[in-house]
Amino acid sequence: DIHLVPFTMTDGNCQGYAQRREIAVNPVAGLPEKTMFHEIAHILLGHTGTETMADMPTLSRNQKEMEAESVALICVESLGLPGSADARGYVQHWYGQGVEIPEANARRIFQAADRILKSGSLSQGGAQ
């Protein structure tokens, strides 16, 4: 129940964004698939206010960006798509190089990536 909508942000540096249950990807995004996974992750992780965040009610922007980009990293790596090096750099930028991701965040990251990857296999006629 996530919808792709036209990209309307005028900030030339923005690759994509998520609001409620909608995502938009800049038509000239450098890595559109990675950006799409990142924005979907924001929704699935409850960063847009549409999902319950019972176990993590107050995440900083750094944590939200780290979580979403970690999901994107898992998805592009799992599917053999480009962007993993950029995703690792993005995670390090927002969360710090060599900083351990807390288990609660890691659990959320893997659950969101699993949901995305399973939904893709189902939409392609694959088995869950």
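Chemist: Even after reading the chapter, I still don't get the packing of aromatic side chains, so can you show me in this structure?
Modeler: Aromatic ring pairs are defined here through the distance separating the ring centres and the angle between the ring planes. Tallying each qualifying case throughout the model produces two aromatic pairs. Seen from their ring centres, tyrosine 90 and tryptophan 94 are 6.2 Å apart, and the 50° between their planes marks the pair as tilted. Residue tyrosine 90 and its partner tryptophan 94 are both found in helix H3 (residues 84–95); the two are separated by four residues, about one turn of the helix. The exposure class assigned to tyrosine 90 is partly exposed, which follows from its relative accessible area of 28%. The side chain of lysine 34 reaches across the aromatic face of tyrosine 90, ending 5.7 Å from its centre.

Chemist: How should I be thinking about the nonpolar core in this particular structure?
Modeler: In this structure, Phe37, Val71, Cys75 and Ile116 are the most contacted members of the largest nonpolar core, which totals 20 residues. The set of elements that each furnish at least two residues to this core consists of helix H1 (32–44), helix H2 (61–79), H3 and helix H4 (103–123). It is H2 that provides the largest number of residues to this core, a total of six residues. Sequence-distant contacts of cysteine 75, that is, excluding residues within four places in its chain, are made with Phe37, Ala113, Ile116 and Leu117.

Definitions and cut-offs
- Residues numbered from 1 in each chain as written.
- Predicted model: local features only at pLDDT ≥ 70, side-chain atom pairs only at ≥ 80, totals over all residues.
- Heavy atoms only, no water.
- Phe/Tyr/Trp six-rings, centres within 6.5 Å; stacked < 30°, edge-to-face > 60°.
- Helix = DSSP H or I, 4+ residues; strand = E, 2+ residues; numbered from the N terminus.
- Buried < 20%, exposed > 50% of the residue type's maximum accessible area, 1.4 Å probe, protein only.
- Lys NZ or Arg CZ within 6 Å of the ring centre and 35° of its normal.
- Core = buried A, V, L, I, M, F, W, Y, C linked by side-chain atoms within 4.5 Å.
- Contact = heavy atoms within 4.5 Å.

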